[in-house]
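# Observations on chain architecture
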Amino acid sequence: QVQLVESGGGSVQAGGSLRLSCAASGVSIGGYYMAWFRQAPGKEREGVAAIDKNGRTDYADSVKGRFTISQDNANNTLILQMNTMKPEDSAMYYCAGDHWIPRWAVLRGDRYAAWGQGTPVTVSS
């Protein structure tokens, strides 16, 4: 049974940084496909960043150059480092994973089987 637990959300001013963590159990993230998604009230769910079992990463255009997804394999934890944050980054952030995701779908939430409960992020101007 795969469990994903997000942490690290909070409030930050525009231009600041925040680091989100997703602790995984029941699976080794080094052999897993994982991603971060976010959803703000009244907005569609958005794929933010993804990383496959080979370390290939993909990012939404809105976060390229500002966010970095990575794996802390020693702690079996997925990381999202968010820099130069903007108010439009405010959302509930979710960690997701699956044993295999086709390349074209790495930022599509409907393709992932395992989900965390989310951690909220608020960016003020």
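Quantities reported herein were computed from a predicted structural model and do not represent experimental measurements. (Residues numbered from 1 in each chain as written. Predicted model: local features only at pLDDT ≥ 70, side-chain atom pairs only at ≥ 80, totals over all residues. Heavy atoms only, no water.)

### Considering unusual backbone geometry
One non-glycine residue, N76, adopts positive backbone phi at about 50 degrees. Notably, T84 is not glycine yet its phi reads approximately 45 degrees, a positive angle.

### Observations regarding empty space enclosed by the protein
According to the stated counting rule, one finds one cavity of 30 Å³ or more in the structure shown. Volume-wise, the largest cavity comes out at about 30 Å³. Elements with a minimum of two residues in the lining of the largest cavity: β4 (33-39) and β5 (46-51). Among the residues making up the lining of the largest cavity, the classes are represented as six nonpolar, no polar and three charged. (1 Å grid on protein atoms, 1.4 Å probe; cavity = no way out; pocket = protein on both sides within 12 Å on 5 of 7 lines; lining within 4 Å. Points joined across faces, edges and corners; volume = space filled by probe spheres on them. Helix = DSSP H or I, 4+ residues; strand = E, 2+ residues; numbered from the N terminus. Nonpolar A, V, L, I, M, F, W, Y, C, P; charged D, E, K, R; others polar.)

### Some thoughts on the side chain of E6
With respect to the helices, strands and loops of the structure, E6 is situated in strand β1 (residues 3-7). Summary of buried charges: E6 has no salt-bridge partner, and the nearest side chain of opposite charge, R45, is 11 Å away. A distance of 2.7 Å separates the side chain of E6 from the backbone nitrogen of C95, its partner in a polar contact. The residues touching E6, leaving out its near neighbours within four places in the chain, are S21, C22, W36, Y93, Y94, C95, G116, Q117, G118 and T119. (Buried < 20%, exposed > 50% of the residue type's maximum accessible area, 1.4 Å probe, protein only. Lys, Arg positive; Asp, Glu negative; His and termini not counted. Salt bridge = Lys/Arg side-chain N within 4 Å of Asp/Glu carboxyl O. Polar contact = N/O pair within 3.5 Å; in protein donor to acceptor, adjacent residues only side chain to side chain. Contact = heavy atoms within 4.5 Å.)

### Here's the deal with the sheet that holds strand β3 (residues 18-25)
Picture the strands of a sheet paired through backbone hydrogen bonds; they go either parallel or antiparallel. With antiparallel pairing, the four strands of this open sheet are ordered in space as β1-β3-β8-β7. Among the strands making up the open sheet, the edge pair consists of β1 and β7 (67-72). The average angle at which neighbouring strand axes cross in this sheet is 20 degrees, direction not considered. Taken together, the five bridges between β1 and β3 define a ladder with antiparallel strand orientation. Note on β3: the bridge partner recorded for Q3 is S25. (Pairing = 2+ DSSP bridges. Axes fitted to C-alpha atoms, helices over the stretch in contact; angles between N-to-C directions.)

### Description of the packing of aromatic side chains
Enumeration according to the criterion identifies three aromatic pairs in this entry. Look at Y94 and W115: their rings are 6.4 Å apart centre to centre, the planes differ by 75 degrees, and that puts the pair in the edge-to-face class. In this pair, Y94 is assigned in strand β9 (residues 91-98) and W115 in strand β10 (residues 114-115), connecting sequence segments 21 residues apart. A residue is classified by how much of its surface remains accessible, and Y94, at 21% relative accessible area, is partly exposed. Using a relative accessible area of 26% as the deciding quantity, one classes W115 as partly exposed. (Phe/Tyr/Trp six-rings, centres within 6.5 Å; stacked < 30°, edge-to-face > 60°.)

### Points about the pattern of salt bridges
For the structure shown, the criterion picks out seven salt bridges. For R56, the salt bridge identified is with D58, shortest N-O distance 3.5 Å. Here D58 falls in the partly exposed class, since its relative accessible area comes to 24%. Across the salt bridge formed by D89 and R66, the nearest N and O atoms sit 2.7 Å from each other. Taken together, the residues span a long stretch of sequence, with D89 in the loop between β8 (77-82) and β9 and R66 in the loop between β6 (57-59) and β7 at a distance of 23 residues.

That is the geometry; function is a separate question.
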